[in-house]
Amino acid sequence: GFEAKFAHDEELPFKAAARSNKLPGLWAAGQLGLSGDAAAAYATALVTDNLSNQTINETLSKVSSDLAAKGISREQVAQKVQECLHQALAQLAAEASKAGD
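Just so it is clear, the structure is predicted and the values come from calculations on it, not from any experiment.

Trainee: Which parts of the structure should I look at to understand the pattern of salt bridges?
Mentor: For side chains of opposite charge, pairing can occur when their charged atoms come near one another. Applying the stated criterion to the full structure yields two salt bridges. As a salt-bridge pair, Lys80 and Glu83 come within 3.8 Å of each other at their nearest N and O atoms. In this pair, Lys80 and Glu83 both sit in helix H4 (residues 74-100), three residues apart, roughly one turn of the helix. Of the residues examined, Lys80 reaches a relative accessible area of 23% and is grouped as partly exposed.

Trainee: Explain the environment of Ala28 to me, please; I cannot follow it from the model alone.
Mentor: As for its placement among the helices and strands, Ala28 is situated in helix H1 (residues 2-31). For the pair Ala28 and Tyr42, spaced 14 residues apart in the sequence, the C-alpha separation amounts to 8.5 Å. For Ala28, the contacting residues outside a window of four places in its chain are Tyr42, Val63 and Leu67.

Trainee: What's the story with the nonpolar core in this structure? I'm lost.
Mentor: The nonpolar side chains of a soluble globular protein tend to be buried with one another. By size, the foremost hydrophobic cluster in this structure holds 11 residues: Ala28, Ala29, Ala39, Tyr42, Leu46, Leu60, Val63, Leu67, Ile72, Val77 and Val81. Among the secondary structure elements, those contributing two or more residues to this core are H1, helix H2 (36-51), helix H3 (56-67) and H4. Once you skip the residues sitting within four places of it in the chain, Ile72 turns out to touch Trp27, Gln31, Leu67 and Val77.

What counts, and at which threshold
- Residues numbered from 1 in each chain as written.
- Predicted model: local features only at pLDDT ≥ 70, side-chain atom pairs only at ≥ 80, totals over all residues.
- Heavy atoms only, no water.
- Salt bridge = Lys/Arg side-chain N within 4 Å of Asp/Glu carboxyl O.
- Helix = DSSP H or I, 4+ residues; strand = E, 2+ residues; numbered from the N terminus.
- Buried < 20%, exposed > 50% of the residue type's maximum accessible area, 1.4 Å probe, protein only.
- Contact = heavy atoms within 4.5 Å.
- Core = buried A, V, L, I, M, F, W, Y, C linked by side-chain atoms within 4.5 Å.

The structure is reproduced here in C-alpha cells:
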C-alpha cells in the first residue's frame, strides 16, 4: 500500500507538469491558426521539451516568442499558463477522486 501511494504521489507532479504545458500549448496553437495534428504536435512539443529539463520560464519564452507576431504579450501568455496550471490540477484532482470511488 505504501509503495502504491508513494508512486502515485511521485506521478502527480509529473502529470500536472505535462498537462499544464499541453493546455496552454493547445491554446497557443489555436492563436497561431494551427488545428488538428499540427495543433497537437505543437502542444506535444511543449510537453516533451519541458520533460527534457526545460523550465517554465523557457516554455513561457517559447510560447511568447511564437505569439509575439499575433500581438499577444508575455504577460497574457503567463496569465494563460497560470490558468492552465490551475485547470490541470483541478482535472487531476477530479480524476483522482473518481479513481478512489
